Amino acid sequence: MATALKNLSEYNQESVPSAKDMRFAIVVSEWNSEITMALLKGVRETLIKHGSNENHIKVDFVPGSFELTSGARMVAEAGTFDAVICIGCVIRGETPHFDYICQSVTYGITQLNINYDIPFIFGVLTTNNQEQARDRAGGKHGNKGNEAAVTAVKMVALRRRAFGRS
Ligand code: DLZ
């Protein structure tokens, strides 16, 4: 059960395969950049901690979370990546915009996972306010970027196992 003070980024490091020889693209939304840059830092640090080479990590930016789907598709088609990690932060405002963007990016990234051969990771915070976002971007609940990186490494390893490549 989730608790108010649980660090959501805690995990068993030994359960994570080596990221050596894996190539990652990270697509980052510029909206709420204080948060998304902190998430990006978490992704990079975690990929490198698990053996990824700096030169095998490519970062690109899109204007907002709505553009993550098309940005991720473009980098996937243009490059030779093992996974694409999508980073964004949508904060609830006074209009229904929040719901439309969340719905669109969730659906979009799901569709990419269905239609493409590599994993696309959902590293998008959807929070009621800035404080909740900070808590999850290096604050008291950890850094969602770390989780996105671990998820990417695990999914690449799963794909390699599934297709018989170690
Ligand atoms: C327009 C908008 C709003 C209101 N809020 C956010 C947000 O909280 N997080 C985010 O990533 N992007 C937001 N955007 C921008 C949209 O994602 C998109 O860039 C624009 O609607 C242009 O397509």
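Scroll up for the structure.
This structure is a prediction, so every number in the text was calculated from the model and none was measured. (Residues numbered from 1 in each chain as written. Predicted model: local features only at pLDDT ≥ 70, side-chain atom pairs only at ≥ 80, totals over all residues. Heavy atoms only, no water.)

*Asks:* How do you make sense of the environment of Val124 when you look at a structure like this?
*Replies:* Along the chain, the position of Val124 falls in strand S4 (residues 120-127). For the pair Val124 and Thr106, spaced 18 residues apart in the sequence, the C-alpha separation amounts to 8.7 Å. The residues contacting Val124, other than those within four sequence positions of it, are Ser65, Leu68, Cys86, Gly88, Cys89, Val90 and Val105. (Helix = DSSP H or I, 4+ residues; strand = E, 2+ residues; numbered from the N terminus. Contact = heavy atoms within 4.5 Å.)

*Asks:* Whenever I open this one, the site of the ligand confuses me. Can you help?
*Replies:* Around the ligand, the neighbouring residues are Ser29, Trp31, Asn32, Gly64, Ser65, Phe66, Glu67, Cys89, Val90, Ile91, His97 and Ile101. In this structure, Phe66 approaches the ligand through a main-chain N or O atom, which is 3.1 Å from an oxygen atom. Ile91 is positioned such that a nitrogen or oxygen atom in its backbone is 3.1 Å from an oxygen atom of the ligand. For the ligand, the accessible surface in isolation is 490 Å², of which the surrounding protein chains cover 73%. Of all the elements in the fold, those that place two or more residues in the shell around the ligand are strand S3 (83-91) and helix H3 (97-115). Residue contributions to the shell around the ligand peak at three residues, all from S3. Looking at the shell around the ligand residue by residue, the classes come out as six nonpolar, five polar and one charged. (Near = heavy atom within 4 Å. Polar contact = N/O pair within 3.5 Å; in protein donor to acceptor, adjacent residues only side chain to side chain. Areas by Shrake-Rupley, 256 points an atom, 1.4 Å probe, with all protein chains shown as cover. Nonpolar A, V, L, I, M, F, W, Y, C, P; charged D, E, K, R; others polar.)

*Asks:* I'm lost on the packing of aromatic side chains in this one. Help?
*Replies:* Each aromatic ring pair is described using two quantities: the centre-to-centre distance and the angle formed by the ring planes. Throughout the structure, instances matching the rule amount to one aromatic pair. Judged by centre distance (5.8 Å) and plane angle (70°), the rings of Tyr116 and Phe120 are edge-to-face. When the ring centre of Phe163 is taken as reference, the NZ or CZ atom of Arg159 above it lies at 5.4 Å. (Phe/Tyr/Trp six-rings, centres within 6.5 Å; stacked < 30°, edge-to-face > 60°. Lys NZ or Arg CZ within 6 Å of the ring centre and 35° of its normal.)

*Asks:* Would you explain the packing of helix H2 (residues 68-78) against H3 in this entry?
*Replies:* Packed helix pairs are specified by the crossing angle of their axes together with the interaxial distance, meaning the distance between the axes. Closest axis-to-axis distance for the H2/H3 pair is 8 Å, and the angle between their directions is 25°. With respect to each other, H2 and H3 are oriented roughly parallel. Of H3, the residues touching H2 (which contributes Leu68, Thr69, Ala72 and Arg73) are Ser104, Val105, Gly108, Ile109 and Leu112. Looking at the contact of H2 with H3 residue by residue, the classes come out as five nonpolar, three polar and one charged. (Axes fitted to C-alpha atoms, helices over the stretch in contact; angles between N-to-C directions. Parallel < 35°, antiparallel > 145°, perpendicular 65-115°, else oblique.)

*Asks:* I keep staring at unusual backbone geometry and nothing clicks. Help me out?
*Replies:* Glycine aside, residues mostly have negative phi, and peptide bonds are mostly found in the trans state. Phi at Asp21 is positive, roughly 75°, even though this residue is not glycine. With a phi angle near 50°, Asn32 is a residue other than glycine that sits in the positive phi range. By secondary structure assignment, the location of Asn32 is in the loop between strand S1 (24-29) and helix H1 (33-49).

*Asks:* Please explain the packing of H1 against helix H5 (residues 144-162) as it appears in this structure.
*Replies:* Contact geometry for H1 and H5: axes closest at 7 Å, N-to-C directions at 40°. Between H1 and H5, the angle is such that the two are oblique. Here H1 runs over H5; the crossing is right-handed. Each of Leu39, Gly42, Val43, Thr46 and Leu47 in H1 lies in contact with H5, whose residues at this interface are Lys144, Gly145, Asn146, Ala149, Val150 and Val153. Tallied by class, the residues present in the contact of H1 with H5 amount to six nonpolar, four polar and one charged. (Left-handed = near helix turned anticlockwise from the far one by under 90°.)

*Asks:* Explanation requested: the nonpolar core in the structure shown.
*Replies:* Side chains of a nonpolar character, in soluble globular proteins, are inclined to be buried together. Phe24, Ile26, Leu47, Ile85 and Ile87 are the most contacted members of the largest nonpolar core, which totals 27 residues. For this core, the secondary structure elements donating two or more residues are S1, H1, S3, S4 and H5. If you tally residues by element for this core, the top one is H5, at seven residues. Contacts of Ile85, omitting those with residues within four sequence positions, involve Phe24, Ala25, Ile26, Val27, Val43, Leu47, Ile121, Ala148, Ala149 and Ala152. Listed in part, the 20 residues of the second largest apolar core include Phe98, Val105, Ile109 and Leu112. (Core = buried A, V, L, I, M, F, W, Y, C linked by side-chain atoms within 4.5 Å. Buried < 20%, exposed > 50% of the residue type's maximum accessible area, 1.4 Å probe, protein only.)

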